[in-house]
Every structure is written in C-alpha cells, then in structure tokens.
Amino acid sequence: MRLNQPRITPIAHGAESEAQAAVLAPLVARNTDYNIFRTMARHPGALDRFLKWASYILSRHNSLAPRTRELAILRTGYNCGSGYEWAQHVVIGKQTGLTDDEIARIKRGAEAGWGAEDAAVIAACDDLTSDFFVSDAHWAALAAHFSTAQCMDLVYTIGEYTQVSMLLNSFGVQLDAGLTLDPDLDRRGA
C-alpha cells in the first residue's frame, strides 16, 4: 500500500448514479463490489470496458490454468508494490491450489525452489514488470511448457495486472474488510 487513505473515494452503497448503479449491479449481485470497483465506478464507462477485459483474464477462456494465472498475478502485484492486489489474490491463489509456502516464495522470485514451469512464469513476470519485454531466454523457457496461446495469455495477464496495480496504487484503493496487508508491501509513508 502506498497511501493511508484513498485519493479517489469509493462510491458509497446507495449513493450511486444511475450509470454507476448499472455497471456495479452484476458485482453487487455476486457480492464482489469491492473497493477497487466502487472506486473505478467514479468513471462508469471506463469501468464497464475494464470489466470486459478483466473478465476474460479471470475466466475459463484464459488458456492458463488458474494456478498458473494466480502465480503470475501475485508476482506481478508484488513487483508493482500493490498491497491491495496481493491481499486479494492471496485468497484467490489459495483457492486455485497455491500453498502458503508457495505464496511466500513468490516474493523471492524464480530462484526460490520452483520447478521449471513455475520459474519460467515468474521470470517472465520479472521481465515484463521491469523491462516490459520477455527476454529471448525466458521466452524459450515459457515455450518449453506452454502453447503459443498460453504464452500470449500470460503476457495479457501480466499486462492487465500491471495496469490494475498502477491504478490501485495511484487511486489509493484501501483494503476491503477481511483482507490483511502484507508487511512487505506496506509502503505508506515511504
């Protein structure tokens, strides 16, 4: 977390405009109208379009296995210093089979005792969040384990969650109830 309070406050329940209520309605129905979405609803047209792409990334249409997708999202969120993203996706990552030990090792990178496939994913995250390009060596490592579509979906996923991390950090989105800020990502006042 970078900020102690939001720069852009989430829309309070019951205070939505017609357009905001419409874009939030499916999230409210699923009880997933988290602070990120209530903040982004300040610009309902943008949130509507954002949700279409984000829904692909988190859907069964993404060719990555859910565990692999969450490994990439967590490493990306960690690299981007997004306490909110990390906290939300630790919960989701555990639902996809990531263990507490693996979640702890995500922070340490590709050399933290991973198998070749997972190490390739983490290395690609590191390339894309530092140089915005997957090196030839890391691309070859990915291609040894993943199809072309899966490699593309990995880049899409890392790109999506880099964007998400930037907006969470910049808008000052605060944690939802029940989430815990990882002390390694507490950058408030830094």
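Look above for the structure.
In this text, all values refer to a predicted model and were calculated from it rather than measured experimentally.

Caption draft 1: Main features of the nonpolar core. If you look at the biggest cluster of nonpolar residues, it comprises 28 residues, and the most contacted ones within it are Leu74, Trp86, Ile106, Trp114, Val121, Leu142 and Leu154. For this core, the secondary structure elements donating two or more residues are helix H4 (66-79), helix H5 (83-95), helix H6 (100-106), helix H7 (116-130) and helix H9 (148-171). Sort the elements by how many residues they give to this core and H7 lands first, with 8 residues. Ignoring anything within four residues of it in the chain, the contact list for Leu74 reads Trp86, His89, Val90, Leu98, Ile103 and Ile106. Listed in part, the 22 residues of the second largest apolar core include Ile11, Leu24, Leu27 and Phe37.

Caption draft 2: Focus on the packing of aromatic side chains. Scanning the entire structure with this criterion turns up 4 aromatic pairs. Between Trp53 and Tyr56 the ring centres are 5.4 Å apart and the planes differ by 20 degrees, which places this aromatic pair in the stacked class. Of this pair, Trp53 and Tyr56 both sit in helix H3 (residues 44-57), separated by 3 residues, roughly a single helical turn. The interplanar angle of 75 degrees and the centroid separation of 5.5 Å between the aromatic rings of Trp53 and Tyr156 together place this pair among those described as edge-to-face. With Trp53 in helix H3 and Tyr156 in helix H9, this pair connects stretches of sequence that are 103 residues apart. A residue is classified by how much of its surface remains accessible, and Trp53, at 36% relative accessible area, is partly exposed. Classification of Tyr156 by relative accessible area gives partly exposed; the value is 35%. Members of the aromatic cluster, joined through ring pairs, are Trp53, Tyr56 and Tyr156. One Lys or Arg, Arg105, reaches over the ring of Trp114 and ends 4.3 Å from the middle of that ring.

Conventions we followed
- Residues numbered from 1 in each chain as written.
- Predicted model: local features only at pLDDT ≥ 70, side-chain atom pairs only at ≥ 80, totals over all residues.
- Heavy atoms only, no water.
- Core = buried A, V, L, I, M, F, W, Y, C linked by side-chain atoms within 4.5 Å.
- Buried < 20%, exposed > 50% of the residue type's maximum accessible area, 1.4 Å probe, protein only.
- Helix = DSSP H or I, 4+ residues; strand = E, 2+ residues; numbered from the N terminus.
- Contact = heavy atoms within 4.5 Å.
- Phe/Tyr/Trp six-rings, centres within 6.5 Å; stacked < 30°, edge-to-face > 60°.
- Lys NZ or Arg CZ within 6 Å of the ring centre and 35° of its normal.

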